[in-house]
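Here are the chains, one letter per residue:
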Amino acid sequence: MEQNLDDSILEAPVINVIPPGPKSLKIIKEQEEYETSALNYPKYFKIAIDKALGSTVIDVDGNVYIDMVTGISVVNLGHNNPYIRRAVEEQLGKIWHSLEVPTEIRVNFSKKLLSTLGFKAKLLFTTTGADAVEAAVKIARWITGKKTIITFEGSYHGITAGTVGLTGANRYKNFTQFFDDRVAKFPYPYPYRCPFKDCLNEILDLIDYALSNPGYLGDDVAGILVEPIQGEGGYVVPPKGFLKGLREIADKYSIPLIVDEVQTGVGRTGKMWAYQWENIEPDIVCISKAIGEGIPVSMVAYRQDYDKLPIGFHLGTYRGNPLGLAAGLAALEFIEKYDILSRVQRLGNKIIKELSTVNNSHVGDIRGLGFMIGIELVKDGKNPWSEGTKKVIEEALKRGLLVYKAGRWDNVIRLMPPLTIPEILLDRALTILNDILNSL
Ligand SMILES: Cc1ncc(COP(=O)(O)O)c(C=O)c1O
């Protein structure tokens, strides 16, 4: 039997009162009074949270949920992980904010992170995922002296005015997009919904053609920006060889390959970085979310020979927060110490296997890598069924399970449990989910 890796409440799920209970309702009402009506997540998770331990979340009415959301792949090592908490507490007693002036934690974190990447890199600290992506694009433009960035339909790289132009889905752009005249979007290989005969090579050939052709993109391209697995786009796993193919194209045209690991990184797919599944070396990597385990930090790692940026190239008051870096160093250590990557590979395969026993025509596709699993719901053949994901999220909540959605049509249930989830809770969660999916 494996030792417990987090402080989960092992009796979970425990539903004392069908959510939202009376205490939750009171707090929900107050939130509605004080905050913008534009909030998203409270529409799906109609509870008020008291606290969270490991892979479990406890609401103010005493219900205990198994968490397969992790704050969207942020708390990868479980809520309130004691190993990480200790590191943050130790840093709390030292310094919380230091601008770019070096601290021990800053250099220790940097050294450790760089040792995981598999190529010689330097770091530039940023604050959020979107900030990291913007900085990465700026670096690519600076290095090449060119402007156009290749991105992919269905991609998500952030919601700031700059990154939203790089983001695939139009719905994010209506009010915030200031420009995208220098963004060229290509199809992302989406095996379940691929309009091509050869979903891998035809897309790679198209990109190659665009780069080779002066009447298409010609030689103005500053880089290729790609998610190794699309996150918000629906946990879409491209065919093997996609990143390798992009690497070859980037080499052929001497442009940087920028890999956005904001959602896939820090062990989520069973490798520390998802690009490592393809044994490639990117030129630039965007890192955020789980590296801070809930404390907002992000960074860009770029090839060492790109290190010719001018002073003040990228700014931001809160870059490299010491508490976040303490959490990040502890997270990287924890993953190594407890061999989390092989655990995620082993249990990730088990999740897919268990879900594959579901027998319901609404379940169109089950896919994923490690603990990044998508279940695509359909109706009348392969038509996206977004009402279905809503139903599953609501029913799961009632039964004490937190799951969320993703996808171009909001029709993919995505599972992103803590990498530390006790197997007994994972099994229970899958039993509940299988039952819900079977009865759709
Ligand atoms: C792949 C990817 N890139 C960038 C971002 C943006 O990160 P943030 O929300 O921290 O700006 C996200 C957020 O979900 C993401 O999934």
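Residues numbered from 1 in each chain as written. Predicted model: local features only at pLDDT ≥ 70, side-chain atom pairs only at ≥ 80, totals over all residues. Heavy atoms only, no water.

In the nomenclature of an unreviewed UniProt entry, the chain is known as Aspartate aminotransferase family protein of Saccharolobus caldissimus. The Cofactor (unreviewed entry) field of the UniProt record for the chain holds the comment "pyridoxal 5'-phosphate". Check the Sequence similarities (unreviewed entry) section of the UniProt entry for the chain; it says "Belongs to the class-III pyridoxal-phosphate-dependent aminotransferase family." (UniProt positions renumbered as here; feature names shortened; annotations may be inferred.)

Undergrad: Hey, could you run me through the site of the ligand in this one?
TA: Close to the ligand lie Thr-128, Gly-129, Ala-130, Tyr-156, His-157, Gly-158, Glu-227, Glu-232, Asp-260, Val-262, Gln-263 and Lys-289, which account for all nearby residues. Contacts to the ligand include Tyr-156, whose backbone N or O atom sits 3.4 Å from a nitrogen atom. The side chain of Asp-260 places a nitrogen or oxygen atom 2.7 Å from a nitrogen atom of the ligand. The site holding the ligand turns out to be the largest pocket. Of the residues that constitute the shell around the ligand, the class distribution is 3 nonpolar, 5 polar and 4 charged. (Near = heavy atom within 4 Å. Polar contact = N/O pair within 3.5 Å; in protein donor to acceptor, adjacent residues only side chain to side chain. 1 Å grid on protein atoms, 1.4 Å probe; cavity = no way out; pocket = protein on both sides within 12 Å on 5 of 7 lines; lining within 4 Å. Sits in = over half its atoms within 2 Å of the grid points. Nonpolar A, V, L, I, M, F, W, Y, C, P; charged D, E, K, R; others polar.)

Undergrad: Please clarify how helix H11 (residues 340–355) should be interpreted in this entry.
TA: Residues that lie three or four places apart on an α-helix share one face, since the helix turns once every 3.6 residues. With 16 residues, H11 extends 22 Å between its outermost C-alpha atoms, agreeing within 8% with the 22 Å of an ideal straight helix rising 1.5 Å per residue. Looking at the buried positions of H11, the neighbouring elements they touch are helix H10 (322–337), strand E11 (363–369), strand E12 (372–379), strand E16 (412–415) and helix H13 (423–438). (Helix = DSSP H or I, 4+ residues; strand = E, 2+ residues; numbered from the N terminus. Expected span 1.5 Å × (residues − 1). Contact = heavy atoms within 4.5 Å.)

Undergrad: I keep staring at the nonpolar core and nothing clicks. Help me out?
TA: In summary, soluble globular proteins display a tendency toward joint burial of nonpolar side chains. With 112 residues, the main nonpolar core has Phe-109, Ile-150, Phe-152, Leu-246 and Leu-415 as its most contacted residues. At 10 residues, H10 tops the list of elements feeding residues into this core. Once you skip the residues sitting within four places of it in the chain, Phe-109 turns out to touch Leu-123, Phe-125, Ile-291, Met-299, Leu-325, Gly-328, Leu-329 and Leu-332. In this structure, Leu-124, Ala-135, Ile-284 and Phe-313 belong to the second largest nonpolar core, which totals 22 residues. (Core = buried A, V, L, I, M, F, W, Y, C linked by side-chain atoms within 4.5 Å. Buried < 20%, exposed > 50% of the residue type's maximum accessible area, 1.4 Å probe, protein only.)

Undergrad: I would appreciate a short explanation of the pattern of salt bridges in the present structure.
TA: When the charged atoms of two side chains lie near each other, side chains of opposite charge can form a pair. Under the criterion given, the structure shown has 25 salt bridges. A salt bridge links Arg-247 to Asp-251, with the shortest nitrogen-to-oxygen separation between them at 2.9 Å. Remark: Asp-251 and Arg-247 occur in helix H9 (residues 242–252); sequence separation between them is 4 residues, near one turn of the helix. The class for Arg-247 is buried, based on a relative accessible area of 11%. Its relative accessible area of 48% is what places Asp-251 among the partly exposed residues. The shortest N-O distance in the salt bridge between Glu-387 and Lys-379 comes to 3.8 Å. Taking the relative accessible area as the measure of exposure, Glu-387 reaches 42% and is therefore partly exposed. (Salt bridge = Lys/Arg side-chain N within 4 Å of Asp/Glu carboxyl O.)

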